[in-house]
Each structure stands twice: as C-alpha cells, then as structure tokens.
Amino acid sequence: MDELEEIKVTFFQECDELMADCEVGLLAMEAGTGDAETINAVFRAVHSVKGGAGAFGLEALVRYAHVFETLMEEVRSQRVVAEPELVRCLLRAADVLADQITAARIHGRPNEAATAAMVVELEGWITGHAGAAPADAPPASAGLDAPIEFAPVAFAPMALDPIAPASDDFGFQPMTIAIPDLPDLDFQPSQAVMDILADAPGPAVWLVTFKPHSDLYAKANEAALLLRELERLGSVETTLDESDLPDLENMEAESAYLGWTVRLTAEIEEAAIREVFEFVDGDCELTICRDGAAPESEAAADPIAALLAQAAAPMPVIDPIAPIPTPQPADAAAALMAELAAKPPSETPIPRLAAAAPASDEFGFTPTAAAPVASLPDAPVALAAPAPVEMAPAAAAAQAAVKGGAAPPAASQATIRVDPERIDKLIDLVGELVINQAMLAQRVAEHGFAPSSNIAMGLDELEQLTRSIQDGVMAIRAQSVKSVFQRMPRLVREVAAQTRKQARLVTDGEATEVDKTVIERLSDPITHMLRNAIDHGLETPAERIEAGKPAEGTVRLAALHRGGRIVIEVSDDGRGINRPRVRQIAIDKNLIQPDAVLTDEETDNLIFLPGFSTASVVSDISGRGVGMDVVRRSVQALGGRISIASRPGEGSTFTLSLPLTLAVLDGMVVDVAGHTLVVPLTAIIESLRPKADEVRALGPQGSVLAVRDSYVPLIDIGCVFGFRKVPIAPNEGVVLLIESEDGTRAALVADDIQGQRQVVIKSLESNYRQVEGIAAATILGDGRVALIADVDAMVAMRRRAAPADPVLYAAE
Amino acid sequence: MSEHQVQAGSDRREFIAFCIGEQEFCVDIMSVREIRGWAPATPLPQTPDFIRGVINLRGAVLPIMELATRLGLQANEPTVRSVIIVVATGGRTVGLLVDAVSDILSVTQGVIQPTPDMACDRVKTFVRGLISIDSRMISEIALERLMPELDAIAA
Amino acid sequence: MKILTVDDSRTMRDMLRMALVRAGFNVVEAVDGEDGLAVLGEHGADVIITDINMPKLDGFGFIERVREDELYRATPILVLTTESDPAKKDRARQAGATGWIVKPFHPEKLVEAIRRVAA
C-alpha cells in the first residue's frame, strides 16, 4: 500500500534523525555536558524508534530497542548512574541500533551475534543496578524473550464509519426515533420485542450494572457512549436507576447520581463487555453477570417479528450531557426552572433518553449557560463523509511562507517533503532552459538586433530570470554536510577500537551547504581520510604519552566554503608523515628515481601514487584495502583535488576540495584553434593579454610569463589537446592565469575569450568515457557541444609531455 | 518496423542497411534509436581516430563513431547525404557515421550466413554474418564488439 | 469531527493521520505538548490523541493543561502508550485522560477507542 510505504520511508528518515539526536545526546553525556533533558532526549529517540518499528512489525528492531529503552528508562529515573563506562556502552548500543535500523530498511539480517552480545551487556547494566530500584520500578528484566505487545499493522482499505452504528448482525439500521416527551425514564420496549431480540441463535444474556462516579465525567468519559458501545455488542434493554438522584436543592453540579442496568443479549465473552468499560475502570461501579438462559427461539425467522425488532431498534440509550457549568443564577434560574418542570431536575450530568443516533435534541433542551456543553456533534452522516484534512501547521506555515515571503513565527516544522527525483528532474529542465535561453540569445545576436532593442533587452531579463530560477532550484537541493559528518563519530570509534588507538573526533562547519550531487560523493573520501588519519596518523596511547601528548588523539573534520568550492579538511595531531620512509617505499616500488629531488610537500603526496601503501602489512582499515591513489582518482573525476600536508611529530592535514555542485559551473568560454572550450572560472585567477616583453623563452621550446615578480610557465591549450602542433605567440592570444590545487600557477594560452557563462555540466562518461584533460562537456548556445577543461590535468599533461625530470611526473 | 512484425515470424529479423563506400552493412533494427543527418561534431582530444567527436542529442552528449575508420575502410569526409545512425548498445548510446541508409531488410535467421574465415581480423571482429539478397551482400555489424574497445582505451 | 494528534514522532503522526483520515476524521497535528496547546487554541478539537514522552511539555503536563481550560474540560483525551504500563496509564488518568491507545495500534482499534469516548 503506497501510503503506508510512504510512511515507512518517513519512518526510516526519522530514524536517521533520531539516531543522530541519540548520538549527540550520548556524546554530550560523555563530555559531561548533558543534563536531565539530554538523557530524556536519548530516551525519547530510542522510544520513538521502537514505537515506529512496532507499527511496521519490525520485530527484531522492536525487541532490541526495547532493551535499550529499558536501560535508558533506568538511567532517566536515576536508578542507574550514567557513569562514563555506561555512556560508552550506550554509544555502542546506539551503533548496534543503527545497524538494526539499516538491516530493517534493506530487509537484511542484522549481525545477530553483535546484537545478542549488546543485549547481554545492556541487561547487565539493567539488572546490576535495578536491584536497588524502588518497588514501583518497571520490571527490569527486558530480555529479548520478554513478551512485548506486538501488532503489526495490517492496513486494509476499510470503510470505517466511526460514528454511525452501522448495520449490526441483525441488519438493523440506525434510526432516529423521536421520543416526544420524557415521561418514563425507565422506558422499556415491550416484552414481545425483547423476546424477539433475545432470540438470536443461542446468545448469552448478560446483566451489566453500571454507575459512574463523578470522576468518570471529569475525565470526559460519557456514560451514553459506553451504553452505545454495549449496544454494538448485541441487543440491549436498558433500565435507568435514578434512585440516588437527590432533591434539586441537594444536587451538586459535579456529582454523578445515575446508574444503569443493561440486559445485553449477545454471543460474546465477558471480556468483550469489560473492554467497553476499560477506560472507566475505577471510575464507576460495574458488575457483569450472566442472566439465566436465553428465551426459547420461536419467532426468529418470522418476518413480522423481524420488522418489530427493527422498529424497536436501536434501543433507547441514555444520553447524558456532560457536566454543565452551573448556570448564572440571575437570568438562568427562570429558564432552568421552566425546564425542570418538563424533565427531572438534574444539572450534571443531565440524563435524557434519546434514540441511538445522537441527533439534535428532541426535547428542545438548550443549555442555558454560555459555557460550552460537550455538545454532541452533528449528525453522523456529516461526520462519516470524507472531509478534507485540516491543514497541518507545517503545511500552513509553508503556505504562509510562500505567500508572505516571511518566515512564519514558531513554525514547528516549516519543511515540506519532496521526492528528490522531482527536484532532480526540475534541475535537468532548468538546465535545458538555460541552454535554450543561450541559444535564443545567440540567434538574436546573429540577426543583428542591437543590444538596446526591445527583444535583446527582453532576453536579458529572461536570462536573469533563468539564472534566478536556476539558483533557486539549486538551493532547494543544497544540503548541509551534517548528514555525512554525523556518520563519522561512529567510524572513528570503530577504527580507534580496531587499531587500539584513542581518538576523539571534533567536527566543524557541519552547516556548510553543498549540492546533493556532491554530498553523495563526500562520504567515501572522508571515510578514507579519517581511517588513514587514525590508522597511520595517530600514535598508540603509549607512544603519545612518551611524546608528551595526551593519550587520546584528536582528529578534526571540518567543512568550509573557499573560492566557490567546498573544502573538507581532516587533520590529526599524530606523528605526521615519516618522509624518509615514504621516500624509501617510493624508491623500492620504482615510483621515483633514487636520486629524485623532492620537496617535503611532494614527498608527502607520494602516498597518492598508484601502488603506494605505507603500511608494511596491508591493513584493511585504511580504506578497506583501497589505496589513497584510488581515492584521489575518484575525487579528481569529480573535478576535485585532494592533497596532504604534514608536520613531523605534529600531525597531518588532508585537504579535499570539490565544486559546490556537479550540475552547473561558471566558466570562461574561450576559442582555441577553432574549437570552443570552457575553463572553470574557479581555477582562473585573472585573464590578461600579455605584452611581448612579458613573455620569455625558457629552454628549447618552453616559455614563461612574467607576472609581477614571478615567472609562470606558459601552456598553449591547443598544443595540450593536440589541436595544433605549434603554439601561438602568447602576446597574440589571451592568457588565463590559473592556480591548481597544489598552489602551482600556470598561464594557459587561448586564441580569444568569448566571455563568462554559466554552463550545464554534461557527462562525457555516460555515453563515452573520461578524457584526460577534460572535466566534462556542456552544450552551448548554438546547440553544439563544448568541452570543459580540467586545468590541473592539463598542467599535469603538459609537464609530462615536456621531456623533463621524471620526478615531476611521479610527484604529480 | 513495428515490433509486431518482428515478432510475427519467430526467426524473422529486421535490419537497417547502409553504405560505406561501395560496401553495404546493416545493424539490427532493435538497436537503432534514430537516424539523423550529419552535423559537425565537437572533436575530442586524446581520442582514437574513429571517434569524430561528440554531438548534442537533445541534451545528452553523444559520441560519433566514424564506422568506416572503425572497420579499416577508406573514410570519406561527411557530406549532406551522410547520416548518423543512433544505436544503443551495452548501456551506451552512440552515433554511427555512415555514408547513407540504403534499405530496411526483413530476413529470416536462416538467410544469415557465417562470416567466412578469411582475411582481415577487423572483418571477423566486427561482422557477425553476411546476408545475401538478390545479388547484394550485406554484412551485419556486431554492435557490441564496436563498443568494448571504448572501455579498453578508457582504462 | 476534528481530532488533534500530539506526537513528536513524525512517523506516528503520519500513521495516525492516515488511519484517522481514512476513517473520515479531520486531523490537526502538533509535535509536542506546548505545540499541542497552541494548535488546540488555534484550531480546537473534538478529540485529542497525545503521546506521553515528548520534549518541552510531556503528555501528562499537556493533559493537565488542557483540563485546566474550561473550554476543553469535557474534550476526550486519549493517550498513546507503548506498553500497557499500568503506572503510566494511571498517571495519565490522574492527569485527566479519558482513555488510552496502546501502540502499535491497529486502525480499527484506534477508531474504536475514539468511538468509545466521543459521540
């Protein structure tokens, strides 16, 4: 069923949020910054997971969450002290719960051994401390075998009619029988009718006596409704017991005086009757007993008898009106007296006889007090009709936000949930719109319209609108990196445990937003960097103490925006890269020449070379056997860069940078040897037309550009891509001064610049393959494909093509 | 070219036949997505000679393979008569640049003869079988063998 | 009939809404006790269904506050409990709850409980 499946999706989303809350709370407890509400929040998170899991029949999840919840309840009620050891246990318990959730989501099997071990541990805490618990403590034993009420929901399309008593076993239709007056409170159907009613094949006859206390009404229960419920069980014969009704002057407004005896004929168990009174247990006097045998069945099949029965049913029901506040003495007294003349004096509850359907008051009784009577709602027909759902506050707030543009005050949940596919589709469409708009602009320009012409100006406005729409749509899809970051504390715990290190994770910049296309690609490299930082970066506690550092190492994970890109930094305060060792390994593995001269930075970055692994025994922790070279390659494929900087003895910092989106890009459109190329704007420091004297020859073919007081190598784009053999004279073209990720500068030479443009990124790989030096493709205004240059790769290609020191190649 | 027809005779297959120079080739019609006129492609660097470049096919970037070069035949510069047969194979969509479309064939499987064990490797690699109609000989291109090469170069 | 559901779990609110809307009720929602009072003040309700464990103002406090309001003294309030924990049920009843629904609830049971407390 779709709706239920949708809620299930919501449930798992909510589980993620709850588990994040849970972890935040537990970490606060661990850091000693938690308070009672922190513990409460953790309890609620586990409790909610369990509640939802129960609704979906996720039995294993419910059972485990129940044990967890039981321990949290003990902690919450301070029967178990939240000592550090317990908090660490709870953190691991939360990890196991997260695994259980994942298993449930993918219909997989959770790690039963781990779960069982965790349960044993949790129960140890529960029982170890629950002994001192007060007597009213909930049962502390909450093992996996403990019975848990369990009722997987089986939603079937139901035509539930909550109000109108639908046709019962006898085919009775609810009818409103107007009873003109109230002469006999002990109204009874004729004995003949009763006999017929009692005539169902072998039904039992139950005698139910029921006398509410005033508490029953104070809790908003209604005697009438309970009697109506009894009526649903079978045929009833109701007698009002008004013997306790005092004189008017002695009557108390908030007291209950009336009782009923119901003779119920139905093929049911006593429990079914008890269930009706479940909510009012203790708030009334209640006796239930069998009332002899059912009368002989003679006329059951007689149509006339059936008709009679129909006429008699539904049986009269006592319909007390909820407590009516004492009327205002002055003006209401007269009215009250008038009414009392017509019916038995009673203020609260006022019993009255009415037909089954809570129809309008047939007695003309109108409450005199202005205070609301718990008025019975309108006719059941209206209630049963499908009514539009009242707009939830969140939706209302969202609508208000759309209308007013201002954030609604105190919106509890000002979010809407949208299928991500719809947004993706929208982004694709906006991409097409951008391309079409550019095509149109180009056509208009080709037809020689002046920029000041109406059509050109209109197009300008269209372009701005298009751009705004694109920005807006991209913003919808933007997500904070929190979703990725919050998975990392667990990874750190696990890796630290596996490597016998002590590690603390500090995160920063969780709110940094980036397009969903990038978020999805962040997790893997961050995981690798963190594993590497703990496995290779951090020393063992003993080594750290010896080095004068705290036993616990710190790993910092930070996100920030820099230069139109997102930068992720993973730094540790470990030993730093052992450069002599790295160098030796690189030499041993033939990655560099033994006499290669490398800067420290170049040495550090050797770890990204294919086939490099500093661990003499290949550890499965640092990237599950995947080397940093694979990480670098996958990052580069996204137009990203990864590098490492290290200070011996002090630690290392991985820096990963990625574009903010993989959907669009701001680029400089350039002409190169008759081709049109796009150079990402983020790479360009400046573009210039160099003077002849700023270009200096260097070596047989190379040349450099004098930029202020430094010399930057000139790279002819056309030559790099093989569009031409001989570079053009740089002073006849345009130079784009670029800086690659590692900080090296280069001057790219193009023939001419067309201008800056936002372009939609199109994959080359989906139908072809990756091309070295090309990041992706795009579609220009003329409908043709243009290539987007990967400037770092171009610089690398140029270095390689030059017959230079092989070190440069290797170190790249 | 309705699917109904194709399925009507269980061993009946339909092909799009086209010319490269003097020779005739064909591809299974089920692989063909559309046939377009020639439009200049954007050349790609670092790419084998049989890839002419990429074109925009309704927002997707489509590589264009010059089939003549791929088959080791003399390639002519594309003219207005040249066409691009857009085929889907191995999860990719690729445009095949050929001189002209010549026919739509409907043949029974039995008519297709195995490629003679002869001559050039390329023929054996890319030609699945030969169809003889009247006095024409039409070679069926094994599309899936044109493409894996792409992965090989990509590595 | 308008039903106010108060629960901090989105899943549970969704479940309740689905069952209630199918049964023909109008539904308004709140995310905790405080929000519940606000929504009640704004939209009113014929029946209230509330969770117990909630941030800010829990179910017990919420029920007590509702009962303090003349306007809602006689409004049926059903509490959602996960287990049939008698202590919690009793506390809820002391606070003024009309009845309870044990989670995980079956839609029919839910509607039955409502029927038992509301006309």
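Cut-offs applied
Residues numbered from 1 in each chain as written. Chains lettered and ligands numbered in written order. Predicted model: local features only at pLDDT ≥ 70, side-chain atom pairs only at ≥ 80, totals over all residues. Heavy atoms only, no water. Contact = heavy atoms within 4.5 Å. Buried area = accessible area lost by both parts, 1.4 Å probe. Salt bridge = Lys/Arg side-chain N within 4 Å of Asp/Glu carboxyl O. Polar contact = N/O pair within 3.5 Å; in protein donor to acceptor, adjacent residues only side chain to side chain. Helix = DSSP H or I, 4+ residues; strand = E, 2+ residues; numbered from the N terminus. Phe/Tyr/Trp six-rings, centres within 6.5 Å; stacked < 30°, edge-to-face > 60°. Buried < 20%, exposed > 50% of the residue type's maximum accessible area, 1.4 Å probe, protein only. Expected span 1.5 Å × (residues − 1). Pairing = 2+ DSSP bridges. Axes fitted to C-alpha atoms, helices over the stretch in contact; angles between N-to-C directions. Parallel < 35°, antiparallel > 145°, perpendicular 65-115°, else oblique. Left-handed = near helix turned anticlockwise from the far one by under 90°. Nonpolar A, V, L, I, M, F, W, Y, C, P; charged D, E, K, R; others polar.

Draft legend 1. Examining the interface of chain A and chain B more closely. The interface of chain A with chain B comprises 24 residues on the first partner and 25 residues on the second. Summed over both partners, the interface of chain A with chain B buries about 1900 Å², with 58% contributed by carbon and sulfur atoms. When the buried surface of chain A facing chain B is broken down by residue, A:Asn767, A:Tyr768 and A:Arg769 rank first, second and third, together holding 38% of it. Taken together, the links from chain A to chain B amount to 0 salt bridges. Linking chain A with chain B are 7 residue pairs in polar contact (both at pLDDT 80 or more), by the criterion used here. For the side of chain A that touches chain B, the elements supplying multiple residues, two or more each, are α14 (420-446), β23 (774-779) and β24 (785-789) of chain A. At 3 residues, β23(A) tops the list of elements feeding residues into the side of chain A that touches chain B.

Draft legend 2. Focus on the packing of aromatic side chains. Residues and elements named next belong to chain A. Counted under the stated rule, the structure contains 9 aromatic pairs over all chains. Relative to Phe 12, the ring of Phe 11 has its centre 5.1 Å away and its plane inclined at 50 degrees; by these criteria the two rings are tilted. Taking relative accessible area as the criterion, Phe 11 reaches 1% and is therefore assigned buried. Between the aromatic rings of Phe 721 and Phe 723, the centroid separation amounts to 5.9 Å while the plane-to-plane angle is 45 degrees, which identifies the pairing as tilted.

Draft legend 3. Molecular detail of helix α4 (residues 84-105) of chain A. If you check α4(A), its first and last C-alpha atoms are 31 Å apart, about what 22 residues at 1.5 Å a residue would give, namely 32 Å. Positive backbone phi, approximately 55 degrees, marks A:His107, located one or two places after α4(A).

Draft legend 4. The arrangement of the pairing of strand β6 (residues 83-89) of chain B in detail. All names here are of chain B. Burial of β6 is extensive: 6 of the 7 residues sit out of reach of the surface. Where strand β3 (residues 32-37) lies against β6, 5 bridges are found, and the strand directions are antiparallel. Across the sheet, Gly 37 pairs through a bridge with Val 83, a residue of β6. As paired strands, β6 and strand β7 (residues 92-98) are joined by 7 bridges and run antiparallel to one another. Each bridged residue has a counterpart across the sheet, and for Val 86 the counterpart in β7 is Gly 95. Hairpin connection from β6 to β7: 2 residues lie between these consecutive antiparallel strands, with Gly 90 at a positive phi of about 55 degrees.

Draft legend 5. Looking closely at helix α15 (residues 454-477) of chain A. An ideal rise of 1.5 Å per residue puts 34 Å on 24 residues; α15(A) measures up with 35 Å between its terminal C-alpha atoms. Along its buried surface, α15(A) packs onto α14, β7 (478-480), β9 (513-515), α18 (516-537), β14 (664-672) and β22 (752-760) of chain A.

Draft legend 6. A look at the packing of helix α3 (residues 59-76) of chain A against α4(A). Residue and element names in this part refer to chain A. As a packed pair, α3 and α4 sit with axes 10 Å apart at the nearest point and diverge in direction by 160 degrees. What the angle tells us is that α3 and α4 run roughly antiparallel. The two elements α3 and α4 cross, and the hand of that crossing is left-handed. Contact with α3, carried on its side by Ala 60, Leu 61, Tyr 64, Ala 65, Phe 68, Leu 71, Met 72 and Val 75, involves Leu 86, Leu 90, Ala 93, Ala 94, Val 96, Leu 97, Gln 100, Ile 101 and Ala 104 of α4 and no other residues of that element. Across the contact of α3 with α4, the residue classes break down as 16 nonpolar, 1 polar and no charged.

Draft legend 7. Structural context of the pattern of salt bridges. By the definition in use, this model includes 60 salt bridges over all chains. The shortest N-O distance in the salt bridge between A:Glu739 and A:Arg745 comes to 3.9 Å. Across the salt bridge formed by C:Arg13 and C:Glu29, the nearest N and O atoms sit 3.9 Å from each other. Placement of the pair is C:Arg13 in helix α1 (residues 10-22) and C:Glu29 in strand β2 (residues 26-30), with a sequence separation of 16 residues.

Draft legend 8. Local environment of the sheet that holds strand β18 (residues 703-707) of chain A. All names here are of chain A. Strand order in the open sheet formed by 6 strands is β16-β20-β21-β19-β18-β17, and the pairing between neighbours is mixed. Looking along the sheet, the strands with just one partner apiece sit at the ends: β16 (684-688) and β17 (695-697). Each neighbouring strand pair of the sheet contributes to a mean axis angle of 35 degrees, computed without reference to strand direction. One ladder, built from 4 bridges, connects β16 with strand β20 (residues 734-739); its direction is antiparallel. Across the sheet, Ile 684 pairs through a bridge with Ile 738, a residue of β20.

Draft legend 9. Summary view of the side chain of B:Arg13. Residue and element names in this part refer to chain B. Tracing the backbone shows Arg 13 in strand β1 (residues 12-20). Note on Arg 13: relative accessible area 19%, which makes it buried. A distance of 3.3 Å separates a polar atom in the side chain of Arg 13 from a polar atom in the side chain of Gln 109. When sequence neighbours within four positions are dropped, the list of residues in contact with Arg 13 reads Asp 28, Leu 105, Ser 106, Val 107, Gln 109, Ile 112 and Glu 140.

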